[in-house]
Each structure stands twice: as structure tokens, then as C-alpha cells.
Amino acid sequence: MEKISEQLKALVESLGYEFVGAETVKEAGSQILRVYIDRDGGVGLDDCERCAKDISGLLDTAADAFEDRYLLEVSSPGLERPLFKAEDYARFAGRSVSIRLRDVYEGRRRVTAVIEGVKDGAVLLDCGGEPLDLPLAKIQKAHLVYEEEKGQKKTFKKRGGKS
């Protein structure tokens, strides 16, 4: 995945988008290659389709990228943006993150905390007043936690009764 990620990054950036990251997941018995893209103002379906076409072409020429069949999914990172690298954690310092660990670390398998920063290959976290220096190598998967802003108005109305 590391080798193909570099190629994906170069391609996505050449198209004018930010390469957020890529992951492979199994869902309903199918292997999925999920590629996340972004840009100022966000991305829409047309952006994802454009990138998917070019990514598909790249993957067709990289025959050794995957042993089995896979489905390609190109997506916006969304409100609960996945975090892949040290720069992601530094960029989102002050935000809440949910982390699944590769194995038990300091008695934890999952961590939800506020990102304080990054130092010496570790993410500095505030777990409700308790500091935790979590080595990046221990993280299996992480994403931001969406928090509704205080005072934010709901954008929908409940409908009552019959129409």
C-alpha cells in the first residue's frame, strides 16, 4: 500500500486536489480501496468521478498493486475526516479524535481525546485532563470526531401531523 500511496498522491495532486490518504477495507466480503481527496471548498461527485477515472487507469498499469479483485471508491474525507500521517494530527491540533490501536497500549485498545500536537513520532493527546503520548506506529485507524458548534442552529424542521 505504501508504494501505491505515493503514486496515488502524485496523481491526485497533479489533478489539483489534496491527497488525504488511502486505505483498504473489507466490506460484505469485498476488498475496497478507498481513496480520500479534498480541496478548498470541498469536493463533489464530479470531482470524485474525475479522480476515480484517472486512479483506475493508474491501478490498471500497476498490476502488482493488489493480489485480489477490489472495488475503487473515491470519496471526500467528510466531517469525521480520517487521519493518516503526523502532519494530519498537527494540522488538527485542538480537535477531538477517535483512535483504534493496533494492540493494547497502556491498557487501552481505543482512545478518544483532544489532539495537543505531534512530537518525536508520537501524537500528544489530552484524555480528559490525562496526557497520553501515543506513538504513531501504534495507531491502526483514526478519525476526527464531529462536534456540533455551540449555538449552531439546526438546518431542518420537524413536521408534525398529517399533511
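Asker: For this particular structure, what's the right way to read the nonpolar core?
Answerer: Considering soluble globular proteins, one finds that nonpolar side chains tend to be buried as a cluster. Within the largest apolar cluster, 19 residues are counted, with the highest numbers of intra-cluster contacts made by Leu 8, Tyr 17, Val 35, Ile 37, Cys 51, Ile 55 and Val 74. When residues of this core are traced back to their parent elements, those giving at least two are helix H1 (2-14), strand S1 (18-27), strand S2 (30-38) and helix H2 (45-61). Element by element, the count of residues in this core is highest for H2, at five residues. Among the nonpolar cores identified, the runner-up in size contains 18 residues, and Leu 125, Cys 127, Ala 142 and Leu 144 belong to it.

Asker: So what exactly am I meant to see when it comes to H1 here?
Answerer: Relative to the 18 Å expected for 13 residues at 1.5 Å per residue, H1 spans 19 Å between its end C-alpha atoms, a close match to the ideal helical length. Of the positions making up H1, those classed as buried are Ile 4, Ser 5, Leu 8, Leu 11 and Val 12. Projection of H1 onto a plane perpendicular to its axis shows the buried side chains occupying an angular sector of 130°, all on one side. Opposite the buried face of H1, by more than 90 degrees, sit the exposed residues Glu 2, Lys 3, Glu 6 and Ser 14. Of the surrounding secondary structure, the elements contacted by the buried residues of H1 are S1, S2 and H2. Looking at the residues trailing H1, positive phi occurs at Gly 16, about 95°.

Asker: Sorry if this is basic, but what is going on with the packing of H1 against H2 here?
Answerer: Look at H1 against H2: their axes get within 10 Å of each other, and the N-to-C directions meet at 145°. Once H1 is placed against H2, the crossing between them reads as right-handed. Touching Ile 4, Gln 7, Leu 8, Leu 11 and Val 12 of H1 are Asp 54, Ile 55, Leu 58 and Leu 59, all from H2. Residue composition of the contact of H1 with H2, by class: seven nonpolar, one polar and one charged.

Scoring rules and cut-offs
- Residues numbered from 1 in each chain as written.
- Predicted model: local features only at pLDDT ≥ 70, side-chain atom pairs only at ≥ 80, totals over all residues.
- Heavy atoms only, no water.
- Core = buried A, V, L, I, M, F, W, Y, C linked by side-chain atoms within 4.5 Å.
- Buried < 20%, exposed > 50% of the residue type's maximum accessible area, 1.4 Å probe, protein only.
- Helix = DSSP H or I, 4+ residues; strand = E, 2+ residues; numbered from the N terminus.
- Expected span 1.5 Å × (residues − 1).
- Arc of directions from axis to C-beta.
- Contact = heavy atoms within 4.5 Å.
- Axes fitted to C-alpha atoms, helices over the stretch in contact; angles between N-to-C directions.
- Left-handed = near helix turned anticlockwise from the far one by under 90°.
- Nonpolar A, V, L, I, M, F, W, Y, C, P; charged D, E, K, R; others polar.

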